[in-house]
Amino acid sequence: LKMVCFMALNLAAKMEENNSKIPELPAIVQLFENQFSVDELASCEILLASVLGYNLSIKTPLTFVNHFLSRGVVSSEDLNSTRADEIDAKLDQFEQLIGFFLHLSITHYDFYRFTSIAVATSAIACARKLMGFEECWTSELESLTCVNQASIEQCCAMLYEAARDQYPDLTLQSVLGLPLEDMDCPAFDSAQKNRGSV
């Protein structure tokens, strides 16, 4: 079990980390004080990849959210009543809310029945609702994401209900009043993010 856990972590690191940070198999053998051989570790890694069908590049809700944020999920109409010097702060709040809803989705088992893109778009729709944007889902967002509102209604309703369970008085202030470290929300990829209008 120890070997499987470590090799699963090692496989994940190979997908996400810089190669210089990933230890070679002989170094892993030393790390485990020769409990496992290089051949056993290599066999374990091959077995894990095989069980996963060699599909190691799974898109998570966060992956989709980063992509959609880079394409622009807030329109100029959404920001009409916002002063120019407050736009960046409002967009930051919006992104924090999306992170909050994504965090809720990974802490509730029921959301594993939905696809990653459904959870991502539902988090965006719920954040739009809590921000007070006129529409939670627009035809522009539908075109951008290729997801229609009807297909995410159940996920949105469950996500909003999960938020209400945590914050009975669910408001922008009740969620954003928390320090970010207490929210434990996923970080967005600032390298991909390019704020703009839909």
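Refer to the structure printed above.
Residues numbered from 1 in each chain as written. Predicted model: local features only at pLDDT ≥ 70, side-chain atom pairs only at ≥ 80, totals over all residues. Heavy atoms only, no water.

### Some points on the packing of helix α1 (residues 2-16) against helix α3 (residues 38-51)
In step 1: Where α1 contacts α3, the two axes come as close as 9 Å, and the packing angle between them is 65 degrees. In terms of orientation, α1 and α3 fall into the roughly perpendicular class. Handedness of the crossing formed by α1 with α3: right-handed. Within the contact between the two elements, α1 uses Met 3, Val 4, Met 7, Ala 8, Asn 10, Leu 11 and Lys 14 and α3 uses Glu 40, Leu 41, Cys 44, Glu 45, Leu 48 and Ala 49.
In step 2: Along the lines of polarity and charge, the residues of the contact of α1 with α3 split into 9 nonpolar, 1 polar and 3 charged. (Axes fitted to C-alpha atoms, helices over the stretch in contact; angles between N-to-C directions. Helix = DSSP H or I, 4+ residues; strand = E, 2+ residues; numbered from the N terminus. Parallel < 35°, antiparallel > 145°, perpendicular 65-115°, else oblique. Left-handed = near helix turned anticlockwise from the far one by under 90°. Contact = heavy atoms within 4.5 Å. Nonpolar A, V, L, I, M, F, W, Y, C, P; charged D, E, K, R; others polar.)

### A word on the packing of helix α4 (residues 61-71) against helix α5 (residues 87-107)
In step 1: Running from amino to carboxyl end, α4 crosses α5 at an angle of 160 degrees, the nearest separation of the two axes being 11 Å. Considering their axes alone, α4 and α5 lie roughly antiparallel with respect to each other. Handedness of the crossing formed by α4 with α5: right-handed. Of the residues in α5, those in contact with Pro 61, Leu 62, Val 65 and Leu 69 of α4 are Phe 94, Glu 95, Ile 98 and Leu 102.

### Concerning the environment of Leu 130
In step 1: Counting through the fold element by element, Leu 130 comes out in helix α6 (residues 116-131).
In step 2: Given a relative accessible area of 10%, Leu 130 falls into the buried group.
In step 3: Sequence separation between Leu 130 and Leu 97 is 33 residues; the distance between their C-alpha atoms is 8.0 Å.
In step 4: If sequence neighbours within four positions are ignored, Leu 130 has contacts with Leu 97, Phe 101, Tyr 160, Leu 170, Thr 171, Leu 172 and Val 175. (Buried < 20%, exposed > 50% of the residue type's maximum accessible area, 1.4 Å probe, protein only.)

### Side note on a negative patch on the surface
In step 1: On the surface, Glu 77, Glu 134, Glu 135 and Glu 140 cluster together to form a negatively charged patch.
In step 2: Position of Glu 135 among the secondary structure elements: in the loop between α6 and α7 (139-145).
In step 3: Owing to a relative accessible area of 43%, Glu 135 belongs among the partly exposed residues under this scheme. (Patch = residues over 30% accessible without salt bridge, like charges linked within 9 Å, V, L, I, M, F, W, Y side chains within 5 Å. Areas by Shrake-Rupley, 256 points an atom, 1.4 Å probe, with all protein chains shown as cover. Salt bridge = Lys/Arg side-chain N within 4 Å of Asp/Glu carboxyl O. Lys, Arg positive; Asp, Glu negative; His and termini not counted. Charge placed at Lys NZ, Arg CZ, Asp CG, Glu CD.)

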